[in-house]
Amino acid sequence: MAIRRATWQRVGRFDEGFYPVYYEDADYCYRARHHGIEVGCVHAAQVMHLFSSKAWARDAVAHTADHHRARYRFVCKHFCGDEIAAFAAAEGAALETEAYMDQVVARAIAARDTLRSLPDLMVRRQADLGEPPPALHRQLAVAMHDVHRLALAAASRLVD
């Protein structure tokens, strides 16, 4: 990823809430676009990882939860109204057909963590993008609660 100094000064730093990884680049690009900065992608670019993490091998559930937590953070920062409803419906449909326990447990953990961090996330959204719509916090809380509940139901189904 290449970022011009002027863009960096206007958009700011990466959101460290996406730690350890996943979606921080997409978040940055969305924020840049919000500021009227054109974002491009070079499809022919290739990257060679000189070092690859084996975190997924040590704890697959924690690694997968990190991925879903970042995905949910991205949704909470950038989606509104119908987008949130569509995301929650799609996540529910995916959970209904999920066959792997680690996936449903990871989604349950990520949804729970997102619910707990939602007040801080709304502060970050406001800092990065401006004042969120008044009902947004409630809509996101309901959506994440539904994902959490559906993930627990999916886990129960897989145990039976």
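Here the structure is shown first, and the text comes after it.
Remember, it's a predicted structure, so these values are computed and weren't measured experimentally.

Quick look at the pattern of salt bridges now. Using the criterion set out here, one finds 15 salt bridges in the structure. Its salt-bridge partner being Arg31, residue Asp128 comes within 3.5 Å of it at the nearest N-O pair. Of this pair, Asp128 sits in helix 6 (residues 101–129) while Arg31 sits in helix 2 (residues 24–34), and the two are 97 residues apart along the sequence. Each member of the pair Asp128 and Arg31 is classed as buried. Here Arg112 ties to Asp113 by a salt bridge, and the two come within 2.8 Å at their closest N and O atoms. Residue classification places Arg112 among the partly exposed residues on the basis of a relative accessible area of 32%. One continuous salt-bridge network, built from bridges that share partners, spans Asp15, Asp27, Arg31, Arg73, Lys77, Arg124 and Asp128.

The next thing to look at is the nonpolar core. Of all hydrophobic cores here, the largest spans 27 residues; its most connected members are Tyr72, Phe79, Ile84, Phe87, Leu95, Leu118 and Leu140. Sorting the residues of this core by element identifies helix 4 (60–78), helix 5 (81–97), helix 6 and helix 7 (136–159) as the ones contributing at least two each. If you tally residues by element for this core, the top one is helix 7, at nine residues. If we skip the residues at most four places from it in the chain, Phe79 touches Phe74, Ile84, Phe87, Arg125 and Leu136.

Among all positions of helix 2, only Asp27, Tyr28, Arg31 and Ala32 are buried. The buried residues of helix 2 occupy one face: seen down the axis, they fall within an arc of 135 degrees. Just beyond helix 2, the residue with positive phi is Gly36, at close to 80 degrees.

The subject of this paragraph is the environment of Tyr19. Locating Tyr19 in the fold gives a position in the loop between helix 1 (5–11) and helix 2. Looking at Tyr19, the relative accessible area reads 69%, which means it is exposed. On a C-alpha basis, the gap between Tyr19 and Ala70 in space is 7.9 Å, while along the polypeptide they are 51 residues apart.

Next up on the list: the packing of aromatic side chains. Tallied over the full model, the rule gives eight aromatic pairs. Look at Trp8 and Tyr28: their rings are 5.9 Å apart centre to centre, the planes differ by 25 degrees, and that puts the pair in the stacked class. Of the two residues, Trp8 is situated in helix 1 and Tyr28 in helix 2; the sequence distance between them amounts to 20 residues. On the numbers, 4.8 Å between centres and 35 degrees between planes, the contact of Phe14 with Tyr28 is tilted. On the criterion of sequence distance, the pair formed by Phe14 in the loop between helix 1 and helix 2 and Tyr28 in helix 2 is long-range, its members being 14 residues apart. Judged by its relative accessible area of 28%, Phe14 falls in the partly exposed class. Aromatic ring contacts, followed pair by pair, group Tyr23, Tyr30, Tyr72, Phe74, Phe79 and Phe87 into a single cluster. One Lys or Arg, Arg33, reaches over the ring of Tyr30 and ends 5.8 Å from the middle of that ring.

Reading the values: rules and limits
Every chain is numbered on its own, with residues counted from 1 as its sequence reads. Where totals are concerned, whole chains, interfaces and linings use all residues; where local detail is concerned, this predicted model gives features only for residues with pLDDT of at least 70, and gives and counts side-chain atom pairs only at 80 or more. Values reported for side chains reflect all heavy atoms of the structure, with hydrogen atoms and water molecules removed beforehand. Any carboxyl oxygen of Asp or Glu that lies within 4 Å of a side-chain nitrogen of Lys or Arg is treated as forming a salt bridge with it. Helix and strand labels come from DSSP, where a helix needs a run of H or I of at least four residues and a strand needs a run of E of at least two; each type is numbered from the N terminus. Classification of residues uses two cut-offs on accessible area relative to the type maximum, computed with a 1.4 Å probe and protein chains only: under 20% is buried, over 50% is exposed, and between them is partly exposed. Side-chain atoms within 4.5 Å link the members of a nonpolar core, which is a set of buried Ala, Val, Leu, Ile, Met, Phe, Trp, Tyr and Cys residues. By definition, residues are in contact when any of their heavy atoms lie within 4.5 Å. The arc in question is the one traced by the directions running from the helix axis out to the C-beta atoms. Pairing of aromatic side chains here covers Phe, Tyr and the six-membered ring of Trp, requires ring centres within 6.5 Å, and sorts the geometry by plane angle: under 30 degrees stacked, over 60 edge-to-face, intermediate tilted. Counting as a charge over the ring demands two things of the Lys NZ or Arg CZ atom: a distance within 6 Å of the ring centre and an angle within 35 degrees of the ring normal.

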